[in-house]
Amino acid sequence: MKVTCAWCQREGQPASLGERAPLDDPAETHGICRRHTLELLDRLPSRSFPGVRLLLVVSPREPGLYEYLQRELAGVSGVKVMLERRQRRIERRLRQGEVSALGYTVIRFGRA
């Protein structure tokens, strides 16, 4: 079966995602490409951080920055500051954040 991204197809973009079994079946089925998966995830609220729209993940090498952001953003609704807990740099996050040169990563949830 030929697999296509229905969202890319609707936009008039190249939509082929390859093939899947049964390979002798010429029919078309639909999947979702990486770009549209990430766009969809950006719109969803976080299950891990309910009510959080903006998550700031600070490098453990920047404890002063972490304390500063914690203090300054303590009363701001929908914002959470946390220290990076991962020991290895294996990327497990479904949502990719925007890395700041200041030592933290910004992850947004529930974008319109």
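Above this note sits the structure.
Please read all numbers here as calculations on a predicted model, not as lab measurements. (Residues numbered from 1 in each chain as written. Predicted model: local features only at pLDDT ≥ 70, side-chain atom pairs only at ≥ 80, totals over all residues. Heavy atoms only, no water.)

> Hey, could you run me through the overall build of the protein in this one?
The helix and strand tally for the protein stands at 3 helices and 7 strands. Counting helices and strands in the order they occur from the N terminus, the protein gives β-α-β-β-α-β-α-β-β-β. Buried residues in the protein amount to 31% of all 112 residues. Of all intrachain contacts in the protein linking residues separated by at least 6 positions in sequence, the fraction that spans at least 24 positions is 62%. Surface exposure of the protein reaches about 8100 Å², of which carbon and sulfur atoms provide 53%. (Helix = DSSP H or I, 4+ residues; strand = E, 2+ residues; numbered from the N terminus. Buried < 20%, exposed > 50% of the residue type's maximum accessible area, 1.4 Å probe, protein only. Contact = heavy atoms within 4.5 Å. Areas by Shrake-Rupley, 256 points an atom, 1.4 Å probe, with all protein chains shown as cover.)

> Sorry, what's going on with helix 3 (residues 63-72) here?
Two residues of an α-helix separated by three or four positions point the same way, owing to the 3.6 residues in each turn. Listing the buried residues of helix 3 in full gives L65, Y66 and L69. Looking down the long axis of helix 3, one finds its buried residues gathered within 100 degrees of arc, a one-sided arrangement. (Arc of directions from axis to C-beta.)

> Help me understand the nonpolar core, please; the structure alone is not making it clear to me.
Nonpolar side chains tend toward joint burial in soluble globular proteins. Counting residues in each nonpolar core, the largest one holds 8 residues, listed as L56, V58, L65, Y66, L69, V81, Y104 and V106. Looking at this core element by element, the count peaks at 3 residues for helix 3. When near neighbours in sequence (up to four residues on either side) are disregarded, Y104 contacts L56, V57, V58, L65, L69, E98 and V99. Of all hydrophobic cores here, the second largest spans 7 residues; its members include F49, L55, M82 and I107. (Core = buried A, V, L, I, M, F, W, Y, C linked by side-chain atoms within 4.5 Å.)

> I would appreciate a short explanation of the side chain of T4 in the present structure.
You can see T4 is positioned in strand 1 (residues 2-5). According to the relative accessible area criterion, T4 is buried, its value standing at 9%. Excluding its chain neighbours within four sequence positions, the residues that come into contact with T4 are Q9, A15, S16, L17, E28, T29, H30 and G31.

> How should the pairing of strand 1 be read in this particular structure?
Consecutive residues of a regular strand have side chains that alternate between opposite faces of the sheet. One ladder, built from 3 bridges, connects strand 1 with strand 2 (residues 16-19); its direction is antiparallel. By the bridge assignment for strand 2, V3 is matched with G18. As paired strands, strand 1 and strand 3 (residues 28-31) are joined by 4 bridges and run parallel to one another. In the strand pairing of strand 3, K2 is matched with E28. (Pairing = 2+ DSSP bridges.)

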